[in-house]
Structure formats: structure tokens, C-alpha cells
Amino acid sequence: MNGRACGFGAAIAAFAVASCSTAAANRGTVMRNVDEGESRVRITSAEFREGDSIQFLRDTCGTRTRGSGSPNCRLQPVGTGMITRIVQPNEAAVRPDPGITVQPGDAVQKIPK
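As the structure is a computational prediction, the values presented were derived from the model and not from experiment.

As for the pattern of salt bridges
Right, on to step 1. Applying the stated rule across the entire model yields seven salt bridges.
Right, on to step 2. Across the salt bridge formed by Lys-110 and Asp-52, the nearest N and O atoms sit 3.6 Å from each other. Note that Lys-110 is positioned in strand β6 (residues 107–110) and Asp-52 in the loop between β2 (38–43) and β3 (53–61), a separation of 58 residues in sequence.
Right, on to step 3. Where Asp-52 meets Lys-113, a salt bridge forms, and the shortest distance between an N and an O atom there is 3.7 Å. Placement of the pair is Asp-52 in the loop between β2 and β3 and Lys-113 in the segment after β6, with a sequence separation of 61 residues.
Right, on to step 4. A relative accessible area of 2% means that Asp-52 is categorised as buried.
Right, on to step 5. Classification of Lys-113 as exposed rests on a relative accessible area of 87%.

Below you can see the structure in the form of C-alpha cells.
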């Protein structure tokens, strides 16, 4: 492989990582429900702040199509909520909006202002 091809491949890889890093940095995962009004979320970035609006997402999978090796899965919005406090650098307390039920393992994504 010549140097030009390697350089082009490296440029594509760097672009792919840069384009995904912002979205991944503003995500987290529900660890546990403390009570009906509060859940604890493992956050992946210092970008989260008290008062930030968040969206809860759940991985839902459809049925497998014949001959397919894996089910068709997608992150679907469940509802929204708000970060009430940062408990530790990688953990936040969140309050889901009324009527929203979150489960451990649900994803959390910061809603841009």
C-alpha cells in the first residue's frame, strides 16, 4: 500500500471519529431508579450540568426477518427529564417528566439548548 492511500484512509477515520464524538460525549445510561421521582444516570462527559434537559431513549428490537442473524433494533425516545444535580463527576440525579417511566439500561441524551 502506498503512502497516499494510507494517508487518505487515516483522514477518513479521523473524520468519522470527530463526527461521532460530540453525540457520544453527551450521552449516558440510567443505572438505577432511586424512587418514582428520581433516577441515577452514569454520564460520559462534563458537558452535563444541573438544569440541563435530557431525553430518555430505549433500545427496542423488532422481530427477526427470516434468514437474518440479528433483530432490527433502534433507540426510541421514551420521554424527557431534567438533571437535578451532579452527584459525582460521572453520575447525575435526574427527574423524569411526569408520566415517564425509565428503566435501568435506558440511554440518556442531552437536549441541545
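Don't stop here, the text continues.
Notes on the sheet that holds β2
Right, on to step 1. Strand order in the closed barrel formed by six strands is β1-β2-β5-β4-β3-β6, with antiparallel pairing between adjacent strands. Along the sheet, successive strands turn relative to each other by an average axial angle of 45°, direction set aside.
Right, on to step 2. Across nine bridges, β3 lies against strand β4 (residues 73–88) in antiparallel orientation. Within the sheet, the bridge partner assigned to Leu-57 lies in β4 and is Pro-77.

Observations regarding the environment of Asn-90
Right, on to step 1. Turning to its location among the elements, Asn-90 is positioned in the loop between β4 and β5 (91–96).
Right, on to step 2. Residue Asn-90 is classed as partly exposed on the basis of its relative accessible area of 31%.
Right, on to step 3. C-alpha separation for the pair Asn-90 and Thr-44, spaced 46 residues apart in sequence, amounts to 6.3 Å.
Right, on to step 4. Non-local contacts of Asn-90, meaning those with residues more than four positions away in its chain, are made with Val-41, Arg-42 and Ile-43.

With respect to the nonpolar core
The tendency in soluble globular proteins is for nonpolar side chains to be buried as a group.
Right, on to step 1. Grouped together as the largest cluster of nonpolar side chains are 11 residues: Val-30, Val-41, Ile-43, Phe-48, Ile-54, Phe-56, Ile-83, Ala-92, Val-94, Val-102 and Val-108.
Right, on to step 2. Those elements that provide at least two residues to this core are β2, β3 and β5.
Right, on to step 3. Contact partners of Val-102, with chain neighbours within four places excluded, come to Asn-33, Ser-39, Phe-56, Arg-58 and Pro-96.

Thoughts on the state of the cysteines
Right, on to step 1. Per the counting criterion, the structure on display carries one disulfide.
Right, on to step 2. For Cys-61, the disulfide goes to Cys-73, at an S-S distance of 2.0 Å. On the sign convention where negative is left-handed, the bridge of Cys-61 and Cys-73, at about 105° about the S-S bond, is right-handed. Taken as a pair, Cys-61 in strand β3 and Cys-73 in strand β4 lie far apart in primary sequence, 12 residues in all.

Points about the pairing of strand β1 (residues 27–35)
Right, on to step 1. Bridge count for β1 against β6 is three bridges, and the pairing is antiparallel. Looking at the pairing, Thr-29 lines up with Ala-107 of β6.
Right, on to step 2. Pairing of β1 with β2, which is carried by six bridges, proceeds in the antiparallel orientation. Along β2, the bridge assignment pairs Gly-28 with Ile-43.
Right, on to step 3. In this antiparallel pair of consecutive strands, β1 and β2, the connection spans two residues.

Definitions and limits used
Residues numbered from 1 in each chain as written. Predicted model: local features only at pLDDT ≥ 70, side-chain atom pairs only at ≥ 80, totals over all residues. Heavy atoms only, no water. Salt bridge = Lys/Arg side-chain N within 4 Å of Asp/Glu carboxyl O. Helix = DSSP H or I, 4+ residues; strand = E, 2+ residues; numbered from the N terminus. Buried < 20%, exposed > 50% of the residue type's maximum accessible area, 1.4 Å probe, protein only. Pairing = 2+ DSSP bridges. Axes fitted to C-alpha atoms, helices over the stretch in contact; angles between N-to-C directions. Contact = heavy atoms within 4.5 Å. Core = buried A, V, L, I, M, F, W, Y, C linked by side-chain atoms within 4.5 Å. Disulfide = S-S within 2.5 Å.

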